[in-house]
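# Coordinates in review
What follows is each chain in one-letter form.
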Amino acid sequence: FPTTKADPAIYQMAAQRLGVAPSECVMVDDSLAALAPAKAAGLKTIGVYDDFSNVNEAEMRKLADRYIYSFQELV
């Protein structure tokens, strides 16, 4: 099933292969184009700051369940 991370189906397939519900998965990414479909698929999402994608920070903050500047914030 060819798809990309811009398609919610890829996240649903990943959850299915793991044998869990999408709501039990967390998608971490610095791209709004990837966070939006992951959220639409029912995953929890964490937006990550990146110099390139910082122009989308406000939108990512609205969409993501959490927004971080460093992965150290997750430990």
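Above this note sits the structure.
Please read all numbers here as calculations on a predicted model, not as lab measurements. (Residues numbered from 1 in each chain as written. Predicted model: local features only at pLDDT ≥ 70, side-chain atom pairs only at ≥ 80, totals over all residues. Heavy atoms only, no water.)

The next point concerns the sheet that holds strand E2 (residues 44–48). In a beta sheet, neighbouring strands pair by backbone hydrogen bonds and run either parallel or antiparallel. Spatially, the three strands line up as an open sheet ordered E1-E2-E3, and their pairing is parallel. The open sheet has two edge strands, strand E1 (26–29) and strand E3 (66–68), and neither has a second partner. Neighbour-to-neighbour, the strand axes of the sheet open up by a mean angle of 20°, direction not taken into account. Summarising the sheet, E1 and E2 pair through four bridges and their orientation is parallel. When the bridges of E2 are listed, Asp29 appears paired with Gly47. (Pairing = 2+ DSSP bridges. Helix = DSSP H or I, 4+ residues; strand = E, 2+ residues; numbered from the N terminus. Axes fitted to C-alpha atoms, helices over the stretch in contact; angles between N-to-C directions.)

Attention now moves to the pattern of salt bridges. Tallied over the entire structure, the rule returns three salt bridges. Of the charged contacts, one joins Asp65 and Lys39 as a salt bridge, the two residues approaching to 2.7 Å between their closest N and O atoms. Taken together, the positions of Asp65 in the loop between helix H3 (57–63) and E3 and Lys39 in helix H2 (residues 32–40) put the pair 26 residues apart, joining distant regions of the chain. Put simply, Glu57 and Arg61 hold a salt bridge, and the shortest N to O gap is 3.0 Å. One end of the pair is Glu57 and the other is Arg61, both in helix H3 and four residues apart, which spans about a single turn. Look at Arg61 and you get partly exposed, because its relative accessible area is 41%. (Salt bridge = Lys/Arg side-chain N within 4 Å of Asp/Glu carboxyl O. Buried < 20%, exposed > 50% of the residue type's maximum accessible area, 1.4 Å probe, protein only.)

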